[in-house]
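What the coordinates show
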Amino acid sequence: CDRALNFNTLDLIVYINKASLYAVQKKYVDAFYYVNKLKELSFNTSVGYIVKASIYASRGEANNAISEVSDGISKRVTGIEALYRIRGNCYLSVRDFERAINDYTKVIELVQSDASAYYQRGLSYLQMGYRDKNNDMQDKAIADFTEALKLSQDKNIRYNAYLFRGGSLVLKLE
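It should be emphasised that the depicted structure is a prediction, and the values quoted were computed from it without experimental measurement.

1. Some remarks on the overall build of the protein chain
When helices and strands are tallied, the protein chain shows ten helices and zero strands. Each helix and strand of the protein chain, ordered N terminal to C terminal, gives the series α-α-α-α-α-α-α-α-α-α. By principal-axis analysis of the C-alpha atoms, the protein chain measures approximately 60 × 30 × 30 Å. For the protein chain, the residues scored as buried account for 42% of the 174 residues in total. Partitioning the intrachain contacts of the protein chain with sequence separation of at least 6 by distance along the chain shows that 46% fall at a separation of at least 24. Total accessible area on the protein chain is roughly 9600 Å²; 52% of this is exposed by carbon and sulfur atoms.

Rendered as structure tokens:
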């Protein structure tokens, strides 16, 4: 990989691979060095922010991942919908359902046909509805899971959307 850097320092794929390799090896100083180089070279895209946030998330540092993607969002980089999705995922992982819902809603506003965003927002509504014993949230979860089913051909999304839509219906009955 070092040899490739010497021949073509603008190859973003090499920086992504180097950062990922060092992260897997838990050599985070080196991983962040290459992420920062990546961000310099792809200054107006979400790529560097995604890689850095992913490293933080893999370390269980959701708050640092949230800060990283929030920085990219504030700079209005291209591919911003991916940053909203990652931040939504981080909020969901720390059980901040309201903020997760807001971010998934933003993804849907940017890409109306994004089945995954509907599915993830449905999960957020489901968990918030279960926590708060709120049937309105269950109804929203059901609607989002149904929309994900309409939009997606992905077997995993479809399977889980059916599963959780059924769970939402059961919770409403209790």
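2. Details of the packing of aromatic side chains
Within this structure, the stated rule accounts for seven aromatic pairs. Centroid distance Tyr33 to Tyr34: 4.9 Å. Interplanar angle 85°. Geometry classified as edge-to-face. Among the residues examined, Tyr33 registers a relative accessible area of 44% and is labelled partly exposed. Residue class for Tyr34 comes out buried when judged on its relative accessible area of 10%.

3. Things to note about the nonpolar core
Ranked by size, the top nonpolar core spans 47 residues in total, and within it Ile55, Tyr119 and Phe145 carry the most contacts. The contact partners of Ile55, leaving out residues within four places of it in the chain, are Ala19, Ala23, Tyr28, Ala31, Phe32 and Val35.

4. Topic: the environment of Val111
Counting through the fold element by element, Val111 comes out in the loop between helix 7 (97-110) and helix 8 (115-132). Overall, the relative accessible area of 28% leaves Val111 in the partly exposed class. Separated by 30 residues in sequence, Val111 and Glu81 place their C-alpha atoms 7.7 Å apart.

5. A short note on the side chain of Ser168
Inspection of the secondary structure assignment puts Ser168 in helix 10 (residues 155-173). Classification of Ser168 by relative accessible area gives buried; the value is 0%. Not counting residues up to four positions away in its chain, the partners in contact with Ser168 are Leu126, Gln138, Ala141, Ile142 and Phe145.

6. Let's talk about the side chain of Lys52
Secondary-structure assignment places Lys52 in helix 4 (residues 47-58). With relative accessibility at 12%, the residue Lys52 sits in the buried group. Contact partners of Lys52, with chain neighbours within four places excluded, come to Phe32, Val35, Asn36, Lys39 and Glu68.

7. Considering unusual backbone geometry
Of note in the backbone geometry, Lys26 takes a positive phi value of approximately 60° without being a glycine. Of note, Lys26 is situated in the loop between helix 2 (12-24) and helix 3 (28-41). Backbone geometry at Arg95 places phi at a positive 65°, although glycine is not the residue there. Relative to the helices and strands, Arg95 resides in the loop between helix 6 (80-93) and helix 7.

8. Observations concerning helix 4
Residue pairs three or four apart in sequence face the same way in an α-helix, which turns once every 3.6 residues. Compared with an ideal rise of 1.5 Å per residue, which puts twelve residues at 16 Å, helix 4 spans 17 Å between its outermost C-alpha atoms and is within 8% of the ideal. Listing the buried residues of helix 4 in full gives Gly48, Tyr49, Val51, Lys52, Ala53, Ile55 and Tyr56. Where the residues of helix 4 are buried, they touch helix 2, helix 3, helix 5 (62-74) and helix 6. Backbone geometry just downstream of helix 4 places Gly60 in the positive-phi region, at approximately 80°.

Rules and cut-offs
Residues numbered from 1 in each chain as written. Predicted model: local features only at pLDDT ≥ 70, side-chain atom pairs only at ≥ 80, totals over all residues. Heavy atoms only, no water. Helix = DSSP H or I, 4+ residues; strand = E, 2+ residues; numbered from the N terminus. Buried < 20%, exposed > 50% of the residue type's maximum accessible area, 1.4 Å probe, protein only. Contact = heavy atoms within 4.5 Å. Areas by Shrake-Rupley, 256 points an atom, 1.4 Å probe, with all protein chains shown as cover. Phe/Tyr/Trp six-rings, centres within 6.5 Å; stacked < 30°, edge-to-face > 60°. Core = buried A, V, L, I, M, F, W, Y, C linked by side-chain atoms within 4.5 Å. Expected span 1.5 Å × (residues − 1).

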